[in-house]
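Notes for the structure review
One letter stands for each residue in the lines below.
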Amino acid sequence: MATFDDLLEEAGSFGRCQKRIFAMLCFLSLPFSGVYVGIVFQGFTPDHWCRDSALVERREACGWSLEKSRSLTAPLVNVSGVLQHSSCDQHEVDWNNTELSCDPEGLDFSGVAVAPCKEGWEYHYQGRKSFVTEFNLVCSDGWLVDMYQSTLNMGFLVGSFAFGYFADRFGRMKSFLMSNVINVVAGIGLAVVPNYIVILVLRAIFGFSVKGGWMAIYVLLTELVGVKYRRTVGILYQMFFSIGLLILPLLAYFITDWRWLQVAFTAPYALYFAYYWFIPESPRWLISQNNSSKALEITKAIAKENRKKLSSHFEVLIDDEVESTSASLLDLIRTPNMRKHTFILMFNWFTSAVVYQGLIMRVGLTGGNVYVDFLIAGLVEFPAAFLILLTIERIGRRLPFASANIVAGISCIVTAFIPDSMFWLKTIVACIGRLGITMAFEMVVFVNTELYPTCVRNLGVSVCSTLCDIGGIVSPFLLYRLASIWLELPLIIFGAVALVAGGLVLLLPETRGVALPDTIEDVEFPDRTTLAFYPGPYMLWIYFVLTHYNTILLLFT
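Presented here is a report on the structure given in the accompanying data block. (Residues numbered from 1 in each chain as written. Predicted model: local features only at pLDDT ≥ 70, side-chain atom pairs only at ≥ 80, totals over all residues. Heavy atoms only, no water.)

**Quick word on a nonpolar patch on the surface**
Convention followed: The residues that make up patches have over 30% relative accessible area and no salt bridge, and they are joined within 9 Å when like-charged or within 5 Å when they are Val, Leu, Ile, Met, Phe, Trp or Tyr. Only the protein chains shown count as covering a residue, and every accessible area follows the Shrake-Rupley method with a 1.4 Å probe. Whenever a carboxyl oxygen of Asp or Glu lies within 4 Å of a side-chain nitrogen of Lys or Arg, that contact is scored as a salt bridge. Each helix corresponds to a stretch of at least 4 residues labelled H or I by DSSP, and each strand to a stretch of at least 2 residues labelled E; elements are numbered beginning at the N terminus.
Among the surface-exposed residues, Val 407, Phe 423, Trp 424, Ile 428 and Ile 432 lie close enough to one another that they form a single nonpolar patch of about 490 Å² accessible area. Considering each element in turn, the nonpolar patch owes the most residues, four residues, to helix 19 (residues 423–451). Mapped onto the elements of the fold, Ile 428 is located in helix 19.

**Considerations on the pattern of salt bridges**
Selection criterion: Type-normalised accessible area, obtained with a 1.4 Å probe on protein chains alone, sets the label of each residue: buried when under 20%, exposed when over 50%, and partly exposed for intermediate values.
This structure, assessed with the given rule, holds 17 salt bridges. Ionic pairing is found between Arg 172 and Glu 223, a salt bridge with its closest N-O pair at 2.7 Å. One end of the pair, Arg 172, is in helix 9 (residues 172–192); the other, Glu 223, is in helix 10 (residues 196–224), and 51 residues separate them in sequence. Here Arg 172 and Glu 223 have matching classes, each one buried. A salt bridge links Asp 420 to Lys 426; the shortest N-O distance between them is 3.6 Å. Note on Asp 420: relative accessible area 58%, which makes it exposed. By sharing partners, the salt bridges in this structure join Arg 362, Asp 420, Lys 426 and Glu 488 into a single network.

**A look at the environment of Leu 7**
Looking at where Leu 7 falls in the secondary structure, it is placed in helix 1 (residues 4–11). Measuring from C-alpha to C-alpha, the distance between Leu 7 and Thr 299 comes to 7.7 Å, with 292 residues separating the pair along the chain.

**Notes on unusual backbone geometry**
Where the residue is not glycine, phi is negative for most of them; where a peptide bond is considered, it is trans in most cases. Of note in the backbone geometry, Asn 136 takes a positive phi value of approximately 55 degrees without being a glycine. Inspection of the secondary structure assignment puts Asn 136 in the loop between helix 7 (131–135) and helix 8 (143–170). We note that Arg 307 has phi near 60 degrees; this positive angle belongs to a residue other than glycine. You can see Arg 307 is positioned in the loop between helix 14 (292–305) and strand 8 (317–318). The class for Arg 307 is exposed, based on a relative accessible area of 66%.

**Remarks on the state of the cysteines**
What counts is decided by this rule: Here, two cysteine sulfur atoms that lie within 2.5 Å of each other are counted as a disulfide.
According to the stated counting rule, one finds two disulfides in the structure shown. Across the disulfide, Cys 50 is cross-linked to Cys 117 (sulfur-sulfur distance 1.8 Å). Disulfide Cys 50-Cys 117: torsion about the S-S bond near -65 degrees, hence left-handed. Of the two residues, Cys 50 is situated in strand 2 (residues 48–50) and Cys 117 in the loop between strand 6 (114–116) and strand 7 (121–123); the sequence distance between them amounts to 67 residues. Each member of the pair, Cys 50 together with Cys 117, is buried. Covalently, Cys 88 is tied to Cys 139 through a disulfide, its sulfur atoms 2.0 Å apart. The sign of the -95 degrees torsion about the S-S bond sets the Cys 88-Cys 139 disulfide as left-handed. Note that Cys 88 is positioned in the loop between strand 4 (82–85) and strand 5 (89–91) and Cys 139 in the loop between helix 7 and helix 8, a separation of 51 residues in sequence. Its relative accessible area of 27% is what places Cys 88 among the partly exposed residues. Judged by its relative accessible area of 25%, Cys 139 is partly exposed.

**Comments concerning the packing of helix 11 (residues 227–254) against helix 17 (residues 382–391)**
The condition is simple: Orientation is described by lines fitted to C-alpha atoms, with helices fitted over the stretch in contact, and by angles between N-to-C directions that extend from 0 to 180 degrees. Any angle between 65 and 115 degrees counts as roughly perpendicular, while under 35 counts as roughly parallel, over 145 as roughly antiparallel, and the rest as oblique. Left-handed describes a crossing whose near helix is turned anticlockwise from the far helix by less than a right angle; the clockwise case is right-handed. Only heavy atoms matter for contacts: two residues are in contact if any of them lie within 4.5 Å across the pair. Residue polarity is assigned by list, with Asp, Glu, Lys and Arg as charged and Ala, Val, Leu, Ile, Met, Phe, Trp, Tyr, Cys and Pro as nonpolar; anything else, Gly included, falls into the polar class.
At a closest axis distance of 9 Å, the pairing of helix 11 and helix 17 adopts a crossing angle of 165 degrees. One way to sum up the angle between helix 11 and helix 17 is to call them roughly antiparallel. Crossing geometry of helix 11 relative to helix 17 is assigned as left-handed. In contact with Thr 232, Ile 235, Met 239, Ser 242, Ile 243 and Leu 246 of helix 11, helix 17 contributes Phe 382, Ala 385, Phe 386, Ile 388 and Leu 389. Looking at the contact of helix 11 with helix 17 residue by residue, the class counts come to nine nonpolar, two polar and no charged.

**What to know about the environment of Pro 268**
With respect to the element layout, Pro 268 can be found in helix 12 (residues 258–271). Placed 85 residues apart in sequence, Pro 268 and Asn 183 show a C-alpha to C-alpha distance of 9.8 Å.

**Side note on helix 10**
This is how it is decided: Between the first and last residue of a helix there are one fewer steps than residues, each counted as 1.5 Å, and that sum is the expected span.
The end-to-end C-alpha separation of helix 10 is 42 Å, in line with the 42 Å expected for 29 residues at 1.5 Å each. Of all 29 residues that make up helix 10, 21 are buried, and the element is covered over most of its length.

**Some points on the environment of Tyr 480**
In this fold, Tyr 480 is placed in helix 20 (residues 457–483). Taking the C-alpha atoms as reference points, Tyr 480 and Leu 365, 115 residues apart in sequence, are found 8.6 Å from one another. With sequence-adjacent residues up to four places away left out, Tyr 480 is seen in contact with Ile 39, Asp 146, Met 361 and Leu 365.

**A word on the nonpolar core**
Let me state the cut-off plainly: Note on terminology: a nonpolar core comprises buried Ala, Val, Leu, Ile, Met, Phe, Trp, Tyr and Cys residues joined through side-chain atoms within 4.5 Å.
With 127 residues, the main nonpolar core has Leu 25, Phe 41, Phe 131, Tyr 196, Tyr 237 and Phe 374 as its most contacted residues. The element that contributes the greatest number of residues to this core is helix 15 (residues 336–362), accounting for 12 residues. With near-sequence residues (within four places) excluded, Phe 374 lies in contact with Val 37, Val 40, Phe 41, Leu 245, Leu 248, Pro 249, Ile 360 and Val 363. Residues Trp 64, Trp 95, Leu 100 and Phe 109 belong to the second largest nonpolar core, which totals 10 residues.

Given below as structure tokens:
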């Protein structure tokens, strides 16, 4: 009886067929980046102030500039330690009073009562039309902007579980096809509906299907290649998300209306329908469904495209990666090491999402050129994948993983205290932080799989990664609400959280060169096979002396 890995080895672990499929599937990550962080452009909040129709008429009659009329009607307020004209309040002045002079120097309203905006707002559009300006989501309604990103992550959270079930029940490609149908319907709906509450509902549905389909394809991709190529393929698949981040500011620069930008994010998913006829179902999944004949047929087609011929006759196939169906949530926390791994990994998933999304969305708040700043920050993500591939087999997993979090944390805190006058230094340090958290985000994925035993591996990754989506729900509220108090305050919080995450990673065991655990006992007693040769207290003492021979020798020389 042969395993699918035996068959795949003969058909080609990463041949011409898998390279073609890999190239096609990588394009899925491009629009996903727009969906994930498009809020930077779709939810752009320009400078704004209270609108007063009588003041508009007086401004036109007297020839005042926008800035001059704003300075007359908006009181000064302290924003992050700097006095600025208020965006949410105005002096209660009767601008229809004909006795008011057109000479602004003779007008002083500092002692006049202040009230919230009554007729909406005027915006300095800067060439962009966002849902913020369309629905006036500023001041007391500013939290609704946070909801645009949070509802997306709520959809991510539910979609991860739902499509995990759909992919296991109905297959990877059927689930992907279903996700694309929902993507197109919800995505176009987002671009046309006139009500913001309906937009939030559709945004959650869009997140539900986009994340679910992306994960189903990620699983399919890793199942079609040989074991030794999985990690590299997975990292490169995620790297195309970074390429999407570079395309996004260019797209947003030319498409300035948020609704048309939404159409641009959605359109590729209509093209991906064609993938259903060019990419096969996962043979490994077919075997798990007792459909070995179809799995063998697909594998023969893969071998043919790879210009290889199956030399053996495989009549009965088994999947040596099928996990136990008796896995329980309690297995993740019942024993000490499993409990430690679970809590540390959950915190790192949460940290990666909070800091990564927070740093990206912060680009829209810094006041610089949002397109250039976003492009520069996106460029620094590329070294992350190569640094990971360069270090994980030479140094290990734990040290690069911990270092990435610690570097991100220190960079965030340092950036917060660099004055704005030192623009390039502030930008460079912030980019180093972005690089660090990108590395940490990409590493937590495969470190998670290596620390859990086979019997609960998928369950462990699913449970821990839910904290990623919870972090995504929290992140916009942390960023936008804290930034309204002090622009740099979110960076302090991000830095502290990342430093804690990095310190916790040092408590995890190193997994480089270590066989994947098969049972919970392997996790709890990783050295039991070695210790089994030395039973009893005297033999354990001999074992200690032998393993620490060099250290003991140095003490007596």
